[in-house]
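Chain and residue survey
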Amino acid sequence: MSFESEPVRGSRPVVRRRRRRGALIPTLILLGVLIVLVLVVDGIWTDALWYGQLGFTSVYRTQLLMQILLFVLGFLVMAGAVLSSLIIAYRTRPVYVPTASEQSGIERYREALEPLRRLVVLAVPAVLGIFAGSAVTGQWQTVLLWWNGVSFNRDDPQFGLDVGFFVFTLPFVEFLVGFLTAVVVLSGIAAIVAHYLYGGLRLAGPGPRLTSAARIHLSVIAAAFLFLRAIDYWLGRYDLAVNFSGRFTGLNYTDAHATLTARGILAGIALIVAALFIVGALVEGWWRSLPVYGVVGLLVCAILIGGIYPAIVQRFQVTPSAQTLEAPYIQRNIDATRAAYGLDTVKADSYSGQTQGAQAAAKAATTAQPGIRLIDPTVVTDAFRQQQQISQYYTFPESLDVDRYTVEGAQRDSVVAVRELNQGGLGADQRNWINDHIVYTHGIGLVAAYGDRPGSNGNPDFYEENIPPTDTIGKYEPRVYFGEESPDYSIVGAPPGSPQRELDYPTSSTTRQQNTTYGGSGGVSIGSPVNRLLYAVKFREQNILLSDAVTSQSRIMYDRSPRDRVQKVAPYLTLDGDPYPSVVDGRVVWILDGYTTTSQFPYSQTTSLRDVTSDSVTQRNSNVVALDAQDINYIRNSVKATVDAYTGAVTLYAWDEADPVLKTWMKIFPGTVKSLKAMSGQLMSHVRYPEDLFKVQRTMLGRYHVTDANAFFGGQDFWQVPADPTDNDASPGLQPPFYFSVQMPGQPSPTYSLTSTFIPQSNGTQTRNVLTGYLAVDSDAGSKAGVRGEDYGQLRLLQLPKDTSVPAPGQVQANFTADAVVSNQLNILGGGRTGSGSLLEYGNLLTLPLAGGLLYVEPVYLRSSVGSTSVPLLQRVLVSYNNSIGYAQTLSCALDQAFNNRQPGTGNSQACAGDQAATGANNGTGNQGTETTPPSSSGPTSPGTSSGGTQSAQQQLQQALAAAQAAYNEGQAALKRGDFAAYGKAQQKLASALQQARDAEQRLVSTPAASATPKPSATG
């Protein structure tokens, strides 16, 4: 500490203490840097542990090293170029700078900057370098694909280049040119500013004046910029093959005969102007003015050659003869699109849509009926929850899944779901750190119900259920630690003999619960103090360090969603929006479909993944998502992935080993994707054709089923996917595709398939609800280990004649609700227009070809409108065949009515006798859109029948429904208490109440007042 004396005042000197610069700000800055550094290191270390536990360290290492390398290169190139430009400008500054008025102002800025000059010269390039490095790291996939790209063995028809050039090389070169252009531009700006500050560039006087050194410096930068522009013009020629030109992707006639030539000429002019800048910088005399003229000439040529010339060709040559001139290029687009989306192997056949007769239909239905799924996985979630949730801290997803299992010796299409943990079901007093992360850690069990039939009371007919599981599908590990609803992280595991802290499942014992301790290999070990500290920092949670529940055997589980886990180990994949669970080889595994995609396939039509994968299911259910909004023009289902629900292990299988994009990524990450031969037979039996890929293909096939260029140009036969007729939203989504077993023409038996329908493309004001096409894809991969089914993935398209009007799903749904008898029965079943007892819900409207015609099947559910624990119960089945409608309690009886045009009460089989009073169908003459209103229950009665009898039946129906609701509530309360005996009694009461409701309904609809033919009137 130093002191200095001031003049003496009186007899004593005044001493002033010189203040030392404070250390607070530097300390805070240093502390902030240390915190950021700790967080970065912690993130890298814990990620390495996570990847290492799964055996995918090479993926993380390759990705991390490539990002670091690109960051360093980007930083050095940008920072080095800008720094060099500043240093050159400073060192070549003129010794003497005139002091004109302008220069005197600059002098003040220069003097103010001088004390900070060294800092600015270093800081500006460093900041720009950091931004550039960060931007470049996002291109790590582009660089790796370029370095490892393989051939597609398919040449582009315009340039004769392999498709791999457009997919792998062109994006990298364009990225490199774009990055270098940014470097040159920023270096030029830095040079201009520095030369201006230090007198190398003067703007005062008749015009800008440059010193010799400044002229050379800026001319070299300008030449570099123009050289890069020349490369960009030349690359733009190849871009035409993947650009959307207004009607289709790829070169059109104007591009091939005008734009292509124009960009080549502009590239040559840009090179010449770049050379002129070099000449102008080095040669004295009139040569110095040539670069200016060159730039002006380039701009003029860009306008005339690059813009006006192609426009003239398009307007005066192409437009008058567009169909003829564009035909070869449209054909290129058709061929490339069908190849890129896997549509070139579609088997297209004509289909009359006209029935072969009632006898043939009945015979075909005998074979088809077991595969027709009546249980709608998007409707019966509440039934699963009420019947199988068991406790409030379990749940099922909003939309269930469809799978196949062998039950009682036969393969059954089934509706399945995993009973997952739902901590949101716990009370507020139960939520604390111990319960959230130590006690409530996992769900338990897979629940499965027959897809083709309901239970006795309209509930799903479960064959795999309860806790512990019934093991109908074989013994398996039921605990679900990794799922779509798993908590953010859980800490599991403990030494032998220590207390079991994890809740396994509720029981009727005195403790009311069965506890367990995780014994698997899932998660990352946090037994060491270092790992505990790392994860305490990662999750900002001190209890990980302090809790006695965290022991030497503890493991921490996080990133537990199946989609998240697969996406991290295979970042190059686009994942299907609906992972589905299956029991495979004694484990619950999540099966996911992974796609390799690109938007660089020449001539293939570009589409948005989000647009084409969105439908009514993705709009209503959060667990089924539409894919990200990325544009693609090539897609392959290249990988099948599994995630073990107990250990979290991720396994990738090469499903399409011929895909060049997958081959490239397997070169980048060797050993991470297993061969298809490693897939077990059990897993193969649960693999299905991916839904999102099918959505993409059906959308593209709506236009690209047309393979003739002239017909495509006219667009008269374009199709679209219909809106979901059962979606009651103001803006209904598209009808989703459906999994069920279908026997397509030419197939010997029904095959597990994914299906969709087509209607004519809307003209913007009107949509015709007539069927134009029916698409099905074979989704059965077989059950042989390592060998995919021969017909798996075969797309079959039925094209209906243009001169017929086969009703599409929307029209069939309208026919159901407009039919006089059926509308009346549905109104009564739903409790009337103002009924307070029950609500109708329509299930999925399935379509399948049958005996030359099209059969539509739709389940009808009844849900109590009272209480929050109501469930949908399958009560009726609607069918339509050859414009004849059937409506009955069972599918067989509804089919009998539709095939034989039977009136109510004329069923021909003893099995359907019970349905006669409760079903109705007309003969096909009054169901084409007639609007009718069912009679009120208090309306006119037939002779000999009193309205009081009808009202009594209605009262009995409402009382029975109320009793059913009370039984549900009683059962739910018993489940919460863990009293399974009381739950069983409640189920018996429920079945009895539902039977009473059915009896009352049959008495109600059998009265003449209820079944009288209503007078036509307007109805919704």
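Not measured: the values here are computed from a predicted model. (Residues numbered from 1 in each chain as written. Predicted model: local features only at pLDDT ≥ 70, side-chain atom pairs only at ≥ 80, totals over all residues. Heavy atoms only, no water.)

1. Some remarks on the layout of surface pockets
Within this model, the largest pocket holds a volume of roughly 880 Å³. Lining the largest pocket are 47 residues; nearest its centre among them are Val 379, Arg 620, Thr 726, Glu 841 and Tyr 842. With five residues, the top contributor of residues to the lining of the largest pocket is strand β31 (residues 838-842). When the residues that make up the lining of the largest pocket are grouped by side-chain class, the tally is 15 nonpolar, 17 polar and 15 charged. (1 Å grid on protein atoms, 1.4 Å probe; cavity = no way out; pocket = protein on both sides within 12 Å on 5 of 7 lines; lining within 4 Å. Points joined across faces, edges and corners; volume = space filled by probe spheres on them. Helix = DSSP H or I, 4+ residues; strand = E, 2+ residues; numbered from the N terminus. Nonpolar A, V, L, I, M, F, W, Y, C, P; charged D, E, K, R; others polar.)

2. Comments concerning the sheet that holds strand β14 (residues 489-492)
The strand order across the open sheet formed by three strands is β14-β18-β17, and the pairing between neighbours is antiparallel. Each having just a single partner strand, β14 and β17 (524-525) make up the two edges of the open sheet. Direction of pairing for β14 relative to strand β18 (residues 555-558): antiparallel, over a ladder of four bridges. The residue bridging Tyr 489 from the neighbouring strand is Tyr 558, located in β18. (Pairing = 2+ DSSP bridges.)

3. Looking at the environment of Thr 367
With respect to the helices, strands and loops of the structure, Thr 367 is situated in helix α11 (residues 358-368). Among the residues examined, Thr 367 registers a relative accessible area of 42% and is labelled partly exposed. A C-alpha to C-alpha distance of 7.5 Å links Thr 367 and Pro 750, two positions 383 residues apart in sequence. The contacts of Thr 367, once residues within four sequence positions are left out, are Gln 743 and Pro 750. (Buried < 20%, exposed > 50% of the residue type's maximum accessible area, 1.4 Å probe, protein only. Contact = heavy atoms within 4.5 Å.)

4. As for unusual backbone geometry
Cis geometry is adopted by the peptide bond preceding Pro 468, which originates at Ile 467 and carries an omega value of -10 degrees. Here Pro 468 shows up in the loop between β12 (460-464) and β13 (479-480). The residue Ile 390 is not glycine, and still its phi comes out positive at about 70 degrees. Topologically, Ile 390 is positioned in the loop between α12 (381-388) and β6 (394-395). Since its relative accessible area comes to 5%, Ile 390 is described here as buried. One non-glycine residue, Asn 882, lies in the positive phi region at around 55 degrees. For Asn 882, the position within the fold is in the loop between β34 (872-881) and β35 (884-888).

5. Brief notes about the pattern of salt bridges
Counting across every chain of the model gives 20 salt bridges. The partner of Arg 404 in a salt bridge is Asp 780, and the shortest N-O contact between them spans 3.3 Å. Within this pair, whereas Arg 404 is found in strand β7 (residues 401-407), its partner Asp 780 is found in the loop between β29 (773-778) and β30 (795-799), the two being separated by 376 residues in sequence. The salt bridge partner of Arg 479 is Asp 504, with a shortest N-O separation of 2.8 Å. Here Arg 479 is found in strand β13, whereas its partner Asp 504 is found in strand β15 (residues 502-506), with 25 residues between them in sequence. (Salt bridge = Lys/Arg side-chain N within 4 Å of Asp/Glu carboxyl O.)

6. Considering empty space enclosed by the protein
Tallying each qualifying case throughout the model produces eight cavities of 30 Å³ or more. Here the largest cavity defines a volume of roughly 100 Å³. Around the largest cavity, the lining residues are Leu 862, Arg 863, Ser 864, Ser 870, Val 871, Leu 873, Leu 961, Ala 964, Gln 965, Tyr 968 and Leu 994. For the lining of the largest cavity, the secondary-structure elements that each account for two or more residues are β33 (853-864) and α26 (947-977). Among the elements that take part in the lining of the largest cavity, α26 stands out by supplying four residues, more than any other. Residues of the lining of the largest cavity, tallied by class, amount to seven nonpolar, three polar and one charged.

7. Examining helix α6 (residues 163-197)
In this model α6 runs 51 Å from its N-terminal to its C-terminal C-alpha over 35 residues, within 8% of the 51 Å that 1.5 Å per residue would give. The axis of α6 is deflected most strongly, by about 40 degrees, at Thr 169, and proline Pro 171 appears within four residues downstream. Its side-chain oxygen 2.7 Å from the backbone nitrogen of Gly 164, Asp 162 forms the N-cap of α6. Looking at the residues trailing α6, positive phi occurs at Gly 199, about 90 degrees. (Expected span 1.5 Å × (residues − 1). Bend = angle between axes of the 7 residues up to and from the residue. Polar contact = N/O pair within 3.5 Å; in protein donor to acceptor, adjacent residues only side chain to side chain.)

8. Structural notes on the packing of aromatic side chains
Summed over all chains, the structure comprises 40 aromatic pairs. Ring geometry for Trp 146 against Trp 147: centres 5.5 Å apart, planes inclined by 65 degrees, an arrangement best described as edge-to-face. Given a relative accessible area of 64%, Trp 147 falls into the exposed group. Each ring, one from Phe 152 and one from Phe 168, has its centre 5.9 Å from the other, and the planes form 40 degrees; the classification is tilted. With Phe 152 in the loop between α5 (140-148) and α6 and Phe 168 in helix α6, this residue pair connects regions lying 16 residues apart in the sequence. Ring-pair connections join several aromatic residues into one group, and the members of that group are Trp 140, Tyr 572, Trp 665 and Phe 669. Of note, Lys 568 hangs over the ring of Trp 50, and the distance from its end group to the ring centre comes to 4.0 Å. (Phe/Tyr/Trp six-rings, centres within 6.5 Å; stacked < 30°, edge-to-face > 60°. Lys NZ or Arg CZ within 6 Å of the ring centre and 35° of its normal.)

9. Considering the sheet that holds β12
Spatial strand order, β7-β8-β11-β12: four strands in an open sheet with antiparallel pairing. Pairing within the sheet leaves two strands with one partner each, and these edge strands are β7 and β12. This sheet shows a mean twist of 45 degrees between the axes of neighbouring strands, independent of strand direction. Relative to β12, strand β11 (residues 446-454) runs antiparallel, the two being bridged by three bridges. Within the sheet, the bridge partner assigned to Ala 449 lies in β12 and is Phe 462. Relative to the sheet, α12 contacts β8 (410-418), β11 and β12, its axis offset from that of β12 by approximately 55 degrees. (Axes fitted to C-alpha atoms, helices over the stretch in contact; angles between N-to-C directions.)

10. Here we look at the environment of Thr 607
Note on placement: Thr 607 falls in strand β22 (residues 607-608). Classification of Thr 607 as buried rests on a relative accessible area of 12%. With 358 residues separating them in the primary sequence, Thr 607 and Thr 249 have C-alpha atoms 9.9 Å apart. Excluding residues that lie within four positions of it along the chain, Thr 607 makes contacts with Tyr 341, Val 612, Gln 630, Asp 631, Ile 632 and Met 700.

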